[in-house]
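So the chains spell out like this:
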Amino acid sequence: MKPITITVSLSSADAVQAGSEETNIVIQHYHDNAWTPLDTTADFGASTARARVDSLSKFALTIKDEPP
């Protein structure tokens, strides 16, 4: 299968929760009974997050926690 790009819409609440840091946005892929973080590019100006994948299954938009 050719790689495809998954695009997820972001809300202003996602940006706030991410601390206005686009690098805190991560799309994860559920594959082989585990969640795997994907190399994600977020763009708050365009309100999107994107990642390339080689297979389809469940995906989740996640936001990194700030270290304690």
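All of these numbers come straight from a predicted model, not from anything done at the bench.

**Quick look at the sheet that holds strand β2 (residues 25–31)**
Across the sheet, which stays open at both edges, the 3 strands sit in the order β3-β2-β6 with antiparallel pairing between neighbours. Both edges of this open sheet fall to β3 (34–37) and β6 (59–63), since each of them pairs with a single strand only. Ignoring strand direction, the axes of neighbouring strands in this sheet form an average angle of 35°. Relative to β6, β2 is paired through 5 bridges, and the arrangement is antiparallel. Among the inter-strand pairings, Gln28 is bridged to a residue of β6, identified as Ala60.

**Quick notes on the confidence of the model for the chain**
Taken residue by residue, the chain gives an average pLDDT of 93. The fraction at 70 or more is 96%. The least confident element of the chain is helix α1 (residues 12–17), whose mean pLDDT is 95; the most confident is strand β4 (residues 40–43), at 98.

**Quick notes on the sheet that holds β4**
The sheet built from 3 strands is open, its strands ordered β1-β5-β4 with antiparallel pairing. Strands with a single pairing partner mark the edges of an open sheet, and in this sheet they are β1 (4–9) and β4. Averaged over all adjacent pairs, the angle separating strand axes in this sheet is 20°, with direction ignored. Inspection of the sheet shows β1 paired to strand β5 (residues 48–53) by 6 bridges, in the antiparallel sense. Paired with Thr7 across the two strands is Arg50, which belongs to β5.

Rules of the game
- Residues numbered from 1 in each chain as written.
- Predicted model: local features only at pLDDT ≥ 70, side-chain atom pairs only at ≥ 80, totals over all residues.
- Heavy atoms only, no water.
- Pairing = 2+ DSSP bridges.
- Helix = DSSP H or I, 4+ residues; strand = E, 2+ residues; numbered from the N terminus.
- Axes fitted to C-alpha atoms, helices over the stretch in contact; angles between N-to-C directions.
- pLDDT = per-residue confidence, 0-100.

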